[in-house]
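Residues per chain are reported as follows:
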Amino acid sequence: MTATTANSERSTFNPGKGAGQPVGIAILGHGTVGSEVLRLMGEHSEAFAHRIGGPLELKGVAVSDLSKPREGVDPELITDDAMSLIERDDVDIVVEVIGGIEYPRKLVLAALNAGKSVVTANKALVAAHADELADAADAANVDLYFEAAVAAAIPVVGMLRRSLAGDNIQRISGIVNGTTNFILDAMDSTGANYDDALAEATALGYAEADPTADVEGHDAASKAAILASLGFHTRVKFDDVHCEGITGVTAADIEAAREAGYTIKLLAICERVTDNEGREAVSARVHPTLVRREHPLAAVNESYNAIFVEAEAAGSLMFYGNGAGGAPTASAVLGDVVGAARNKVHGGRAPGENTYANLPIADFGVVPTRYHIDMEVVDRVGVLSEVAAKFSARGVSLKTVRQEESGENARLIVVTHTATEADLSATVEELSAMPDVKAINSVIRLGA
Ligand code: NDP
Ligand code: HSE
C-alpha cells in the first residue's frame, strides 16, 4: 500500500459511540507494565471518564500463568485466552503489554482486523511489522498507538507525529535504552561490575524479559527504527538499523574514556546522509559512543533517557525523562488509551503513519563518524609514522595522537577527524594486520 492510499483510507469518518458511552478495554499482559497500567487506570477512573467523555470499562486481563497472585484484580477478569478476550464485542481497545514478536503480532492483527483500536508498548513488534500493522489499522479505520514503545514516559512519538508534523527533521539522537544506561552509569560512577549492574536493572523492572535485547542493542535499534520512520516519513525497520551493543565495553574502556574526558553511552543516531549515488538517504544506527563529560548526555544517568531532535525550523530540542520501569511506561500507555478512547467515543482517528518520503536506507559505510582507537604497538623508531601512513592512505586525518609506555610495548591512543565509516573500519582492519601492532585494545566512535 502506498502512503497516498493509506492517507485516503484514513479519511473514512468514524462517527464514534457517542458521549457518555462506556469504552471496553482488554489488557494483554500483567507484568511490570500491565500491572501499573491497571493500578493507575483504577486509581484515576473518574478523571479518565471526564477526559474521555465516557467511562473506561475493564473487560479482562490476559496472562500466561493463571496461578500467579494478581493483587487488586478481580479474579473473574483474569484469563489465559487472550484471543477470545480480544474477540469480545464489548472490547473497543486492546492494550498489548506482553512483549515478544510473533504471538503479539497475531493478537494485535486480530484486534485491528476486528475493529478494535490497539495501544502497545512493544517496540520489537512495531519495528519489525509497522507496515503490516499500519495497513490493518487503516483498513479497519481504527487507531494504532505506541507512545510507550520509545523511551517510556518521554512523549517523543506524539511529538514527532503531531507537534513537529509541520517541520523538517534533520537528526534524532540520544539515549533510548534505560537498562544499558543504568549499567554504563553504574560501571562509570561506582565501578560496579557489569553482571551486578545488569542484575539490578533487571530487578528494578527495566530490562526486557530476555535482557540480551537490551545489552546487544536490539531494543535501542527497534526504537531507532521507529524514530527514524516517524522523523523522516520513511519505513525504517529493525533490520535497517546498524546495531552494536555494550557487551564488548570493558571497565578498562570506561577508565580510558574517563582519562580522556569522556563517558561511554549507548547512543541511537538517526539522520539524513548522502549515499554513494549522491541521494539523500536515511541512516539509523546504535553503538557505544564516547560523549564529552561536559555534554548534557553525559549527565543522563541511571535508567533515564534523553533524545535530541534537530529540526529545520524549530532548531534543537532535547527531551529527558524516565526511559523504563512500570509506572513511567504506564503513563505513556494510558495517554494513548485516553486518546484512543476519545476517538471511540467522539469519532475520528489519531494521525497514523506516513511514509510518503520513502527515502533509501543508507549503507553503514557512507556514514560520517570519528574513531577513538586504543592500541599496543612495538616500541621502536618509525612505528608511529607507519601507523599514521595507514590512516593517510585512506584519507583519514588524525586529530590527536597520544603515546604512553605499556610494558615492553607502546600504547597509542589515536583520535581521528571525521571520515566515512567504510574508510575508518578498513583502516582499523589494516592496522590490526600490521606485525608491529600487537593489539587493538578498543575502537569506540566519538559522538556528542
Ligand atoms: P513482563 O515480562 O514483566 O510482563 C509480561 C506479561 O505478559 C506477564 O504478565 C505475562 O504473564 C504476560 N504474558 C506472557 N506470555 C503471555 C501469553 N502467551 N498470553 C498472555 N499473557 C502473556 O514484561 P514488561 O511488562 O516489562 O514489558 C511488556 C512490554 O512492554 C514489552 O513489549 C516491553 O518491551 C514493553 N516495555 C517495557 C518497559 C519496561 O520498563 N519494563 C518499558 C517500555 C516498554 P504472567 O504474568 O502470567 O507471567
Ligand atoms: N528494556 C527497556 C529499556 C525498557 O531498558 O529501556 C524500556 O523500553
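Here the structure is a predicted model, which means the values were calculated and not measured. (Residues numbered from 1 in each chain as written. Chains lettered and ligands numbered in written order. Predicted model: local features only at pLDDT ≥ 70, side-chain atom pairs only at ≥ 80, totals over all residues. Heavy atoms only, no water.)

Student: So what exactly am I meant to see when it comes to the site of ligand 1 here?
Tutor: Close to ligand 1 lie 24 residues; His30, Asp65, Lys68, Glu208 and Gly325 are nearest. Residue Asp65 places a main-chain N or O atom 2.7 Å away from an oxygen atom belonging to ligand 1. At a separation of 2.8 Å, an oxygen atom of ligand 1 approaches a polar side-chain atom of Arg70. Per-class residue counts for the shell around ligand 1 are 9 nonpolar, 10 polar and 5 charged. (Near = heavy atom within 4 Å. Polar contact = N/O pair within 3.5 Å; in protein donor to acceptor, adjacent residues only side chain to side chain. Nonpolar A, V, L, I, M, F, W, Y, C, P; charged D, E, K, R; others polar.)

Student: When you look at the UniProt feature "binding site: NADP(+)" (unreviewed entry) in the protein chain in this model, what are you seeing that I'm missing?
Tutor: The UniProt record annotates "binding site: NADP(+)" (unreviewed entry) at Leu28, Gly29, His30, Gly31, Thr32, Val33, Gly34 and Ser35. Looking at the secondary structure, you find His30 in the loop between strand 1 (23-28) and helix 2 (32-43). Ignoring any residue separated from it by four or fewer positions in sequence, one finds His30 in contact with Ser35, Leu38, Val61, Ala62, Val63, Arg70 and Val73. Among the polar contacts listed, one links the side chain of His30 to the side chain of Arg70, at a separation of 3.3 Å. Note that Gly31 resides in the loop between strand 1 and helix 2. (UniProt positions renumbered as here; feature names shortened; annotations may be inferred. Helix = DSSP H or I, 4+ residues; strand = E, 2+ residues; numbered from the N terminus. Contact = heavy atoms within 4.5 Å.)

Student: Looking at this model, I keep getting lost on the site of ligand 2. Mind explaining?
Tutor: Surveying the vicinity of ligand 2 reveals the residues Lys123, Asn177, Gly178, Thr179, Tyr206, Ala207, Glu208, Asp214, Asp219, Lys223, Gly323 and Ala324. Taking Lys123, its side chain carries an N or O atom lying 2.5 Å from an oxygen atom of ligand 2. For ligand 2, the accessible surface in isolation is 250 Å², of which the surrounding protein chains cover 94%. Breaking the shell around ligand 2 down by element, the ones donating at least two residues are helix 8 (178-189) and helix 11 (218-232). (Areas by Shrake-Rupley, 256 points an atom, 1.4 Å probe, with all protein chains shown as cover.)

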